[in-house]
Amino acid sequence: MNKITLKINDREIITNEGRTIMEAALENDIFVPALCEHPDFPHKANCRVCVVEIDGRKALATSCSTLAEEGMVVRTDSERVKRSRNLNLEMMFAEHIEKCATCIWRVNCRLLDLAERYKILITTFKDRKANRKTYKLCHSIEIDGTQCIDCRNCIDACSKMQKINHLEVKGKGVNQEIVPSEDKKNICIDCGQCALHCPVGSAQEQSSWEEVEKVLKDGGKTVVLQISLAALSSVGEEFKEEATNDLFDKIIGAAKKLGFKYIFNDNLPNLITASKLAEQISEKAIDETVITSSCPAWVKYVESYHPEFKDRLSRVKSPHIVAGGVIKTHWAKKTGLDRNDIVVVSVLPCTAAKCEIKRDDINNDLNPVDHVLTVREFAWMIKKNRLELQKMEPAEMDLMFESTVKAPMFCASGGETEAVFSVATYLSNGKKNDKLVQDEKLLFSLRGFKEVDIEYAGIRMRAAIVNGIGNIGKVLKEPEKYDFIEVRACPGGCVGGGGQAFPTTAKSRKTRLDVLKKMKGGDILKPDLEILDWIKENGLEDKILY
Amino acid sequence: MSSILDKIKEAGLVGRGGASFPTWKKMSSVAKAMEDKGLNKCFVVCNVSEGEPGVKKDKYILERYGARVIDGMNLAIEFLGARQGFLYINHHYHKELAKKLEGLVHGTRIEIFVKPVEAGYIGGEESTAINVIEGKKAEPRLRPPFPVEKGLWGFPTLVNNVETFYNVSLVNSGEYKKTRFYTIGGQANNEGVFELPEDYTIEKVLRQTDNYPDFPFFVQVGGDGSGEILNDKLLEKCAGGAGSITIHKIGKEKPKDLFRNWTFFFYSESCGQCTACREGTYRLHEIIESDKPDWRMFFDLLLNLKDSAFCGLGAVVPTPIFSYLDNVLCKFNEADIDNAEMKEIIEAYKKIK
């Protein structure tokens, strides 16, 4: 890699050839603001706040899209830069009606951060989008036109990344607006990547924290919180920490403080899901393909875009729904509670689950899950109640049943495949398979499309693992090539879920994955509960299957 | 026998769309991009979108010399081995000339592509034209890569103005006489499109065409939107840009009215992609329409456009206004500054200069 030398604000900087000015500056702790720039997408350079002055150039340049060059002399703080940056920020503020008081994005809002940093007047210009509409996408996302700064990250997320094309830019000039596609074929799958990439909270989850808070305040109900490990490991990010498992006990402490009576992780339902799929694997015909159904955005994708695959999907509900069913029946009975007095809240890195819990085939005789909170909403509740995470009294996770089940990788792409085949091996010969796959690194990598050969009970099986629905093409073309197909609609799987902590980038997806790997230890999932019998004995089949 | 590229280079042909880029350079960039990337496919686009008020020469050329234009395109297509050519045409012109043009492109690799009405002024910018032909939103692309490297559907693409292709044909047949087309309008005595030597000064063009005013005047050169304003002492240079000269009688329009027209044009035509232009032209328009315009902010917004607009069209929004201030308003004698508003404008302008 060739090195180049340039000057930024009179400081000599050495960087790799091919880096942008923004990258070179940030590497050296020189701050450059960014709104439309996101490492998940190609440069758009439309917000114009990252402009810098380069000696010898007539106009300012956007540092996000301009490559650093040998000998370049760059200023990030000249009078011209300040004028343009501040004016562009002030004008964007006039596109964004401040709803900060009730906005969970407040803590993440890039625009607000920049206003504070540069001491800009947010009322220089009159708001011009007061009459814009809010579009609700199912029960998952809302696009609030009164807050949109036209950066189009949501468009990139929906079209370039996920290839769903549900969101579109309509109109020209100041009349442009982000709208749901008029083309009825471009159905939203509730993945929430638009919200995860919105710098100002114009695209947001439809919030449930108010309802949850009300239930907690009103009292009288036993409020049960279940939190997936992919969510638990990133909650700290909302408190300026890196993804970590060191904060688990404090997060649980905070949840107890908020009034959640019982707090469960997702190990048990993950095991149940894996076991039901393992059962399917062991019973499957040679030419049959088992396709996962634990990702609600994927299920909606199949139903919306490829109904012909619908019957080939596994009938297992997603883990938090499975758990909700168990909690409100078997666990309620065991604990001596009336199921009508139990409220189940799931904290997930997922927005699609908000829609999922309203499905007719899930929300039938009992609501297995009453509310879904994203990582951001849950963190917001902690902050809103002025709880300092670092100072929380540590508390322990409750156990739904006596069990030592561990399934930390389930939320990571490849994790479900591993879990299913581990259990399937036990089911077939009662033994643990130490070498399930040749290339474990590939199995758990963040690559969007992975083909893995699995040794299972002396047979070689072929699995396809997709994360990021934009990568689904190859699998749909030849599904029969595979014995098993695992799909997560979000890039990186649930570590990159639409309900994840903000911001989410390739780097944070990797860090979160590493946390899960660290927790994995030497254990391979073992059905030590005789879980399948247990389900049958307790009459829980219908709580688990569609 | 020398190639068309050599002939163009020798003739010193430059683009007639406004940027005056050497035609041979652009053409050889396409050839080079194909070679570098090992591609056997490229495209040629002839730009007849003519969306800027005050410029009428593209239509004039297409009406009279359509066969020459198509010949010029064919020469480029042949030289580059282009897969296809597009005649990217303003819908008004297409309405009038469709039949004739269809006859001309028959049997060639050229397809007529009608620029949709809503693509407007920005639709004439070359990377926008590429987006429009691809069926995408009418807005410019981030550069680099430039269209010559990565244009239509990712392939190297040559986009030239209609006059450029006309000249290519003339150069090829040895008939190029270093002339260009001037659109003369405004308070002109003899308005119209005129073909005259390209090295004529603006003054000479005006005199030769019987358009030199006998009243105090200034001109806008290169388009009624983005063109530069020059007073009568500055006419010793050649007309740049798209070669239009629009005559204004001094005193006929108030400075504020001129500013209003210019900013309204850009406000209505902004594609909306970047903050500086989308919001900036909106705020300029808002300031002009307000009872008490904040001139300081008005000029700051213009400087911001110059410095931080996404594309060249956003960057030229200040051109007519600043050059009018420099070359007309600030040259007035004290006695000619007859109202408070003019004073205010000049005061505010001096502060940002």
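Look above for the structure.
Cut-offs applied
Residues numbered from 1 in each chain as written. Chains lettered and ligands numbered in written order. Predicted model: local features only at pLDDT ≥ 70, side-chain atom pairs only at ≥ 80, totals over all residues. Heavy atoms only, no water. Helix = DSSP H or I, 4+ residues; strand = E, 2+ residues; numbered from the N terminus. Rg over C-alpha atoms; globule rule 2.2 N^0.38 Å. Buried < 20%, exposed > 50% of the residue type's maximum accessible area, 1.4 Å probe, protein only. Contact = heavy atoms within 4.5 Å. Areas by Shrake-Rupley, 256 points an atom, 1.4 Å probe, with all protein chains shown as cover. Salt bridge = Lys/Arg side-chain N within 4 Å of Asp/Glu carboxyl O. Pairing = 2+ DSSP bridges. Axes fitted to C-alpha atoms, helices over the stretch in contact; angles between N-to-C directions. Expected span 1.5 Å × (residues − 1).

Counting its regular elements, chain B contains 13 helices and 9 strands. The C-alpha atoms of chain B give a radius of gyration of 21 Å, which matches the 20 Å a tight globule of 353 residues would have. Its C-alpha atoms put chain B at 65 × 45 × 35 Å along the principal axes. Scored against the burial criterion, the 353 residues of chain B give a buried share of 56%. Across chain B, contacts joining residues at least 24 apart in sequence account for 65% of those joining residues at least 6 apart. Total accessible area on chain B is roughly 14,800 Å²; 50% of this is exposed by carbon and sulfur atoms.

If charged atoms from side chains of opposite charge come close, those side chains can pair. Evaluated as defined, the whole model comprises 72 salt bridges over all chains. Linking Arg278 of chain B and Asp150 of chain A is a salt bridge whose minimum nitrogen-to-oxygen distance equals 3.1 Å. Here Arg278 of chain B, found in helix α9 (residues 275-289), pairs with Asp150 of chain A, found in the loop between β7 (141-144) and α4 (153-161), and the two come from separate chains. The same class applies to Arg278 of chain B and to Asp150 of chain A, which are both buried. Glu303 of chain A serves as the salt-bridge partner of Arg359 of chain A, at 2.8 Å between the closest nitrogen and oxygen. Of this pair, Arg359 of chain A sits in the loop between α12 (352-356) and β15 (371-374) while Glu303 of chain A sits in helix α10 (residues 296-305), placing them 56 residues apart in sequence. With relative accessibility at 27%, the residue Glu303 of chain A sits in the partly exposed group. Through salt bridges that share partners, Glu451, Asp453, Glu455, Arg460, Arg462, Glu478 and Lys481 of chain A make up one connected network.

Here we come to the sheet that holds strand β3 (residues 110-115) of chain B. Residue and element names in this part refer to chain B. The 4 strands lie next to each other as β3-β2-β1-β4, forming an open sheet whose pairing is parallel. What marks the edges here is a single partner per strand, and that holds for β3 and β4 (157-161). With direction set aside, neighbouring strand axes in the sheet form an average angle of 20 degrees. Note: strand β2 (residues 84-90) against β3, 6 bridges, orientation parallel. Among the inter-strand pairings, Gly85 is bridged to a residue of β3, identified as Ile110. Where helix α6 (residues 162-172) meets the sheet, it contacts β1 (43-48) and β4, and its direction lies at approximately 95 degrees from that of β4.

We now examine helix α9 (residues 267-283) of chain A. For α9 of chain A, which comprises 17 residues, the first-to-last C-alpha distance of 24 Å matches the rise-based estimate of 24 Å (1.5 Å per residue) to within 8%. Judged by how many residues are buried, α9 of chain A sits mostly within the fold: 14 of 17 residues are covered.

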